[in-house]
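Chain by chain, the residues:
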Amino acid sequence: MAEAERIIGTPDIPDAEGADGAEPQRPAEGTEPSQGAESTRGDAKGAEPARGDTEGAEPAGGDPAAGGEAAAGGDAGAAGRRRKKILVLLCVAVLAYLLDLVSKTMVVAELEHRAPVEIFGDWLKLEVIRNAGAAFSFGEAFTVIFTAIASVVIIVIIRLARKLYSLPWAIALGLLLGGALGNLTDRVFRAPGVFEGAVVDFISPAHFAVFNLADSAIVCGGFLIVILSFKGLDPDGTVHKD
């Protein structure tokens, strides 16, 4: 029997672990299968970008509270810029007013009722006169009217300052305000009476009317306003072209 089995041969029986006849893959030496599984689980556990991004990101529509804060910040910034321009206006006005007041006080004390002082020969002199009219000695019969006009100009400038965002306009309005206040001070406090006072003029160029520093500030401010108007720049900082 044993000899017959040797001659016939014993059929191969497939291994239960390798049904297809292929030898099962074995892990490399020194590598544990459990480590690979844990690594896969670790990658899956650590890979949570969607949730992290969602937690840190804002909704697509935006936060209404954040939008409100941005709008409030913009309003605060605009208010700050306006306050700076108003401060420039006031500084220019105070400087123009003080220069006019000090110069008039000095020339009245030193030069009134005296011979003119020559600065550049006959081309420019210092000569004190009392002017009951407007700038450059015009309209001496309308002192009260010019006083009222100066008061209205000051009120208009103060109202314009509420929407002032332009630096050139701040300088121009400051010159107008300082000059108007300078001459208005003369009309209120100098002789012959309240609101009828004569303005002190002392700068006397050849072949031209006698004027003062307040008149100069008014003219310079008005000239600057004309230039800004031609360029289309408004007091609120916007530029328009006709």
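Remember, it's a predicted structure, so these values are computed and weren't measured experimentally.

Draft legend 1. Broad picture of the overall build of the protein chain. In terms of helices and strands, the protein chain carries 7 helices and 3 strands. Here the protein chain, with 242 residues, has 26% of them falling under the buried criterion. Relative to all contacts within the protein chain whose residues are 6 or more apart in sequence, the contacts with residues 24 or more apart total 66%. Within the structure as shown, the protein chain displays about 16,400 Å² of accessible surface, and the carbon and sulfur contribution to it stands at 64%.

Draft legend 2. Focus on the sheet that holds strand 1 (residues 117-118). With antiparallel pairing, 3 strands are arranged side by side in an open sheet as 1-2-3. Each edge of the sheet is formed by a strand with only one pairing partner; in this case those strands are strand 1 and strand 3 (199-205). Strand direction decides the pairing type here: strand 2 (residues 124-131) and strand 3, joined by 6 bridges, are antiparallel. Pairing of asparagine 131 across the sheet is with valine 199, part of strand 3.

Draft legend 3. Spatial organisation of the confidence of the model for the protein chain. Summarising the model, the protein chain shows a mean pLDDT of 76, and 64% of its residues fall at 70 or more. Below a pLDDT of 50 lies the segment residues 27-60, which in the model reaches 2 contacts outside its immediate sequence neighbourhood of four places, other chains included.

Draft legend 4. Structural view of the packing of aromatic side chains. Counted according to the given criterion, the structure contains 1 aromatic pair. Between phenylalanine 208 and phenylalanine 211, the aromatic rings sit 6.3 Å apart at their centres with planes inclined by 85°, giving edge-to-face as the arrangement. Exposure remark for phenylalanine 211: the relative accessible area of 13% places this residue in the buried category.

Draft legend 5. A look at unusual backbone geometry. The peptide bond linking alanine 191 to proline 192 adopts the cis configuration, its omega dihedral lying at 10°. Looking at the element boundaries, proline 192 is found in the loop between helix 6 (167-189) and strand 3. Positive phi, close to 65°, is recorded for histidine 113, a residue that is not glycine. Mapped onto the secondary structure, histidine 113 falls in the loop between helix 4 (64-110) and strand 1. Its relative accessible area of 77% is what places histidine 113 among the exposed residues. The backbone of histidine 207 sits at a positive phi, close to 60°, despite the residue not being glycine. With respect to the helices, strands and loops of the structure, histidine 207 is situated in the loop between strand 3 and helix 7 (213-230). Taking relative accessible area as the criterion, histidine 207 reaches 79% and is therefore assigned exposed.

Definitions and limits used
- Residues numbered from 1 in each chain as written.
- Predicted model: local features only at pLDDT ≥ 70, side-chain atom pairs only at ≥ 80, totals over all residues.
- Heavy atoms only, no water.
- Helix = DSSP H or I, 4+ residues; strand = E, 2+ residues; numbered from the N terminus.
- Buried < 20%, exposed > 50% of the residue type's maximum accessible area, 1.4 Å probe, protein only.
- Contact = heavy atoms within 4.5 Å.
- Areas by Shrake-Rupley, 256 points an atom, 1.4 Å probe, with all protein chains shown as cover.
- Pairing = 2+ DSSP bridges.
- pLDDT = per-residue confidence, 0-100.
- Phe/Tyr/Trp six-rings, centres within 6.5 Å; stacked < 30°, edge-to-face > 60°.

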